[in-house]
Amino acid sequence: MSSELPRVAAIVFSDQPDERKKSELAELFFRLSPVVALRSRAPLTVFLDLRGLPITPHQFRSSFELKVQALLRRRFSSQAPAFRLGLAQNAAFAFLNAQSPSSDQVALSPELFANLLDPFATLDASILLKDRRIKEGIPLLEHLGIQTLSEFSRLPLESLSARFGKVGLNFARRIQDAQRSADFEAWPLWVPAERLIEELAFDPDRPLAARLDSLLFASKELLERLALRLRARAARASALRLKIRHDKKDQSESLLELRLVTPQSSASGMLASFRDRLSGWLQKSETDDGIATECRILGLEMEVLETAPGRGSQRDFFHRHEEQAESWDSLLARLAEKLDRKSRFQVKTIPRYLPEKSWCAQEPHLFELAAKSEATHLSVVTPHELAMRPTRLLSEPLALIHHEGWLRWPENSATPGRRQRIARWIGPERIEEGWWERSATESPIRRDYFRAICDSGPELWGYFEGPLENFQLFFLHGYFD
Amino acid sequence: MLSVAPILSLDSSHSTPDPESSFQEKLGRLQAITGVSKGPPQSRESLFWQHAQAPVLRGTLTEVSGPWGSGKTEAVLQFLGNHAKALGRMAWIEDRFTAYPNGFLQSGVDLSRILFIEGGKQTLWAAHQVLRSQIFGAVILFMQESTLSTREPSIELRRLQLSAEQSHACVFLLTTQPRPAGVNWPLALQLQMNPRTRKPETLKRSLVS
């Protein structure tokens, strides 16, 4: 290494935080250098191009280290992550320097090859690590007494290509180029993700009242602005955060985060989802300490945390497809927020005879009215089309006692009906299936379904099971409501 | 969206229209086309219910009552099947889901047009959300009497009726007991199923159109 001033700093962190914190760390170092690169794979490293910075040569390393420390402490206070600093003429050696200050004594290893050839970890490391010639060549070099990086660097380049191939040759060149500047490296520059934030600040003398309608009114304006920005980017919001700044003594701001089940781009759709959240926040604040009605809201800040690709930004002049799709997504999101995701569904019929297995719920999708012809839905013939089916089905068949044309309900039954005289039986329709799902010891399903028309009017649907002598039990399975 | 309904609903009985009113009408029509205003009030579209021998107005509430197994669901399904194209998307909301969707097919109802919702205690809320989305032509609400009775039923129904009116959807309330007479319920059509004949009998028909 020469005595020249270093051109690149590598700040290697021992922790591997989540993506958000990684971005936060990278963004922080823009205060030291405008050229920042991030190695997101472990160990997490931030590279800074130091050229053009006002550098004092005297005790550069210690003073720079103190600067980094101060920056991290200012941002994270006591939870500032631990780091090691590496300084060199290029990123590869700065990274190496952070891991081992005396690079001359660094032992040869496949990882060393990978890190020096690709310090930013932009490539798949496994390709380099699994390179057969490197894996086999390193033990051979050790056998020949070449164990460190400095010893390897003294080998003539001509002898390396035959033994280590292209990777080994590149590696040797990289070592010999240790003094070359960062100009020769292609830096994957880190660019902070664009943040979509809109805010409203209120005059302390005329603050916003902590009421639902006021909050919704103000939030609507923010959401409309965000919706415009999203539309311009052909994106939809999938997560939002509202920061409410107020004059509460112990806590100056509240955060409300909303994850939308289906991404949305319209202000009205997002506002409808926020309504319940805001209402809940107001209620909670009131029950906790009665503060909501007294506190004054000084500002609102709405941020889009996550986006998803949006539909085409051009609106169809003659149709309302986009608006309807937006309304549909918004409705599903609201229903999932308040009820349950499985509480709203569409039905898919299954060509099976057992009533309880002849349909299943599926995630709703918007039905395009114009796209479907009349013939399409009649093309699939399912078993229920062969015989009449009831409009109501019990979750479990209910055993009724059948005696001399009367059906009697069990005493503790919650199902409507107590005792009915059957005027007419229509049937049977034998349903026998599912034997392939049952074990050898289980008896196969064989049901004789009847439509039972009661004297008083109602029409029941159920079955008798097994041989004729068992006709004392009628299993009510549904009714024609 | 372009709307031509006001133009079609012009009264042709005026052979010599008043110049002022003619201008107002034209302005109303222009506003309706450009979306600036809703335009002159238009008459509600009605769909004829063959089974009940009665018209069902869009944007109104229709109550179909009857004891279990009396055929109220089948009657509504027949209406939905007959007017599937006119109604478009439908929402079927129940507090506890007991419907058997395969039984809907024999009435000619296309299941892919229906969004099913099991609302529990939030059934009414879910119905309001569905109506507010303005993309459904029919909303069928089946809930226990207790779900509605816990609040002020007439107010709840009035709110529902307003939502229906805004969304221009046909809303059907399936109940076991009809709303008692003597109260001005916001129901445009009130039917009660006769369990023996399985045919609906009209209890109330609103004259509003």
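Definitions and limits used
- Residues numbered from 1 in each chain as written.
- Chains lettered and ligands numbered in written order.
- Predicted model: local features only at pLDDT ≥ 70, side-chain atom pairs only at ≥ 80, totals over all residues.
- Heavy atoms only, no water.
- Helix = DSSP H or I, 4+ residues; strand = E, 2+ residues; numbered from the N terminus.
- Buried < 20%, exposed > 50% of the residue type's maximum accessible area, 1.4 Å probe, protein only.
- Contact = heavy atoms within 4.5 Å.
- Areas by Shrake-Rupley, 256 points an atom, 1.4 Å probe, with all protein chains shown as cover.
- Salt bridge = Lys/Arg side-chain N within 4 Å of Asp/Glu carboxyl O.
- Arc of directions from axis to C-beta.
- Polar contact = N/O pair within 3.5 Å; in protein donor to acceptor, adjacent residues only side chain to side chain.
- Buried area = accessible area lost by both parts, 1.4 Å probe.
- Pairing = 2+ DSSP bridges.
- Axes fitted to C-alpha atoms, helices over the stretch in contact; angles between N-to-C directions.
- Parallel < 35°, antiparallel > 145°, perpendicular 65-115°, else oblique.
- Left-handed = near helix turned anticlockwise from the far one by under 90°.
- Nonpolar A, V, L, I, M, F, W, Y, C, P; charged D, E, K, R; others polar.

J.: Give a description of the overall build of chain B that names residues and reports values.
T.: In terms of regular secondary structure, chain B is built from 7 helices and 9 strands. Burial status across chain B gives 52% buried among its 209 residues. For chain B, the proportion of contacts with a sequence separation of at least 24, taken over those separated by at least 6, is 67%. Taken as a whole, chain B presents about 9700 Å² of accessible surface, with 53% of it coming from carbon and sulfur.

J.: So what about the pattern of salt bridges? Which residues, and what values?
T.: All names here are of chain A. Counted according to the given criterion, the structure contains 34 salt bridges over all chains. For Glu194, the salt bridge goes to Arg233, with nearest N and O atoms at 2.7 Å. Of this pair, Glu194 sits in the loop between helix H8 (158-176) and strand E5 (196-201) while Arg233 is found in the loop between helix H9 (212-232) and strand E7 (235-246), placing the two residues 39 residues apart along the sequence. What makes Glu194 exposed here is its relative accessible area of 52%. Among the residues examined, Arg233 registers a relative accessible area of 37% and is labelled partly exposed. The partner of Arg447 in a salt bridge is Glu356, with the nearest N and O atoms 3.0 Å apart. You can see Arg447 sitting in strand E15 (residues 447-454) and its partner Glu356 sitting in the loop between strand E10 (344-349) and strand E11 (359-362), a full 91 residues away along the chain. Counted as one network, the salt bridges with shared partners bring together Glu198, Glu221, Arg225 and Arg229.

J.: Break down helix H1 (residues 19-28) of chain A for me, with residues and values.
T.: Residues and elements named next belong to chain A. Among the residues of H1, those classed as buried are Lys22, Leu25, Ala26 and Leu28. Angularly, the buried residues of H1 cover 160° about the axis, an arc narrow enough to put them on a single face. For H1, the secondary structure elements touched by its buried residues are strand E1 (8-13), strand E2 (36-39), strand E3 (45-49) and helix H2 (60-76). You can read the cap of H1 off the contacts: a side-chain oxygen lies 3.0 Å from the backbone nitrogen of Lys21, and it is on Asp18.

J.: How would you summarise the interface of chain A and chain B if you had to cite specific residues and measurements?
T.: The interface of chain A with chain B comprises 50 residues on the first partner and 47 residues on the second. Here chain A packs against chain B, burying approximately 4400 Å² in sum over the two surfaces, 59% of which is carbon and sulfur. Broken down residue by residue, the surface that chain A buries against chain B is led by Thr391(A), Arg392(A) and Asp481(A), which jointly contribute 15%. Linking chain A with chain B are 3 salt bridges. Close ionic contact of Arg392(A) with Glu94(B) constitutes a salt bridge, the shortest N to O distance being 2.6 Å. For the pair chain A and chain B, the interface holds 20 residue pairs in polar contact (both at pLDDT 80 or more). Sorting the residues of the side of chain A that touches chain B by element identifies helix H11 (321-338), E10, strand E12 (392-403) and strand E16 (459-465) of chain A as the ones contributing at least two each.

J.: An account of the sheet that holds strand E8 (residues 189-194) of chain B is needed here, citing residue identities and associated values.
T.: Reading across the sheet, the 9 strands line up as E11(A)-E10(A)-E5(B)-E4(B)-E6(B)-E7(B)-E3(B)-E8(B)-E9(B) and stay open at both edges, with mixed pairing between neighbours. Edge strands, defined here as strands with exactly one partner in the open sheet, are E11 of chain A together with strand E9 (199-205) of chain B. Taken over all neighbouring pairs, the strand axes of this sheet differ in orientation by 25° on average, direction set aside. Sheet strands touched by helix H5 (residues 123-133) of chain B: strand E4 (90-94), strand E5 (114-118), strand E6 (138-142) and strand E7 (170-175) of chain B. Its angle to E4(B), the strand with the most contacts, is close to 170°.

J.: A description of the sheet that holds strand E17 (residues 473-479) of chain A should follow, citing residues and the corresponding values.
T.: All names here are of chain A. If you trace the 6 strands once around the closed barrel, you get E12-E13-E14-E15-E16-E17, paired in antiparallel fashion. Going from strand to strand, the sheet's axes swing by 45° on average, the running direction of each strand aside. Note that E15 and E16 share 7 bridges and pair antiparallel. Its bridge partner being in E16, Asp448 is matched across the sheet by Phe464.

J.: Provide a residue-level description of the packing of helix H3 (residues 91-99) of chain A against helix H4 (residues 110-117) of chain A, including the pertinent values.
T.: Residue and element names in this part refer to chain A. Where H3 contacts H4, the axes come no closer than 8 Å and their chain directions differ by 135°. Between H3 and H4, the angle falls in the class oblique. Contact with H3, carried on its side by Ala92, Phe93, Phe95, Leu96 and Gln99, involves Leu112, Asn115 and Leu116 of H4 and no other residues of that element.

J.: Account for the packing of H11(A) against H5(B), naming residues and giving values.
T.: Look at H11(A) against H5(B): their axes get within 9 Å of each other, and the N-to-C directions meet at 165°. Classified by the angle their axes make, H11(A) and H5(B) are roughly antiparallel. In this structure, the crossing between H11(A) and H5(B) has a hand that is right-handed. Here Ser327(A), Leu331(A), Arg334(A), Leu335(A) and Lys338(A) of H11(A) lie close against H5(B), whose contacting residues are Trp125(B), Ala126(B), Gln129(B), Val130(B) and Ser133(B). Tallied by class, the residues present in the contact of H11(A) with H5(B) amount to 5 nonpolar, 3 polar and 2 charged.

J.: Go over the environment of Glu201(B), please, and point to the residues and values.
T.: All names here are of chain B. Here Glu201 lies in strand E9. Separated by 149 residues in sequence, Glu201 and Ala52 have C-alpha atoms that sit 7.1 Å apart. Beyond its immediate chain neighbours, meaning those up to four positions away, Glu201 contacts Gln190, Leu191, Gln192 and Asn194.

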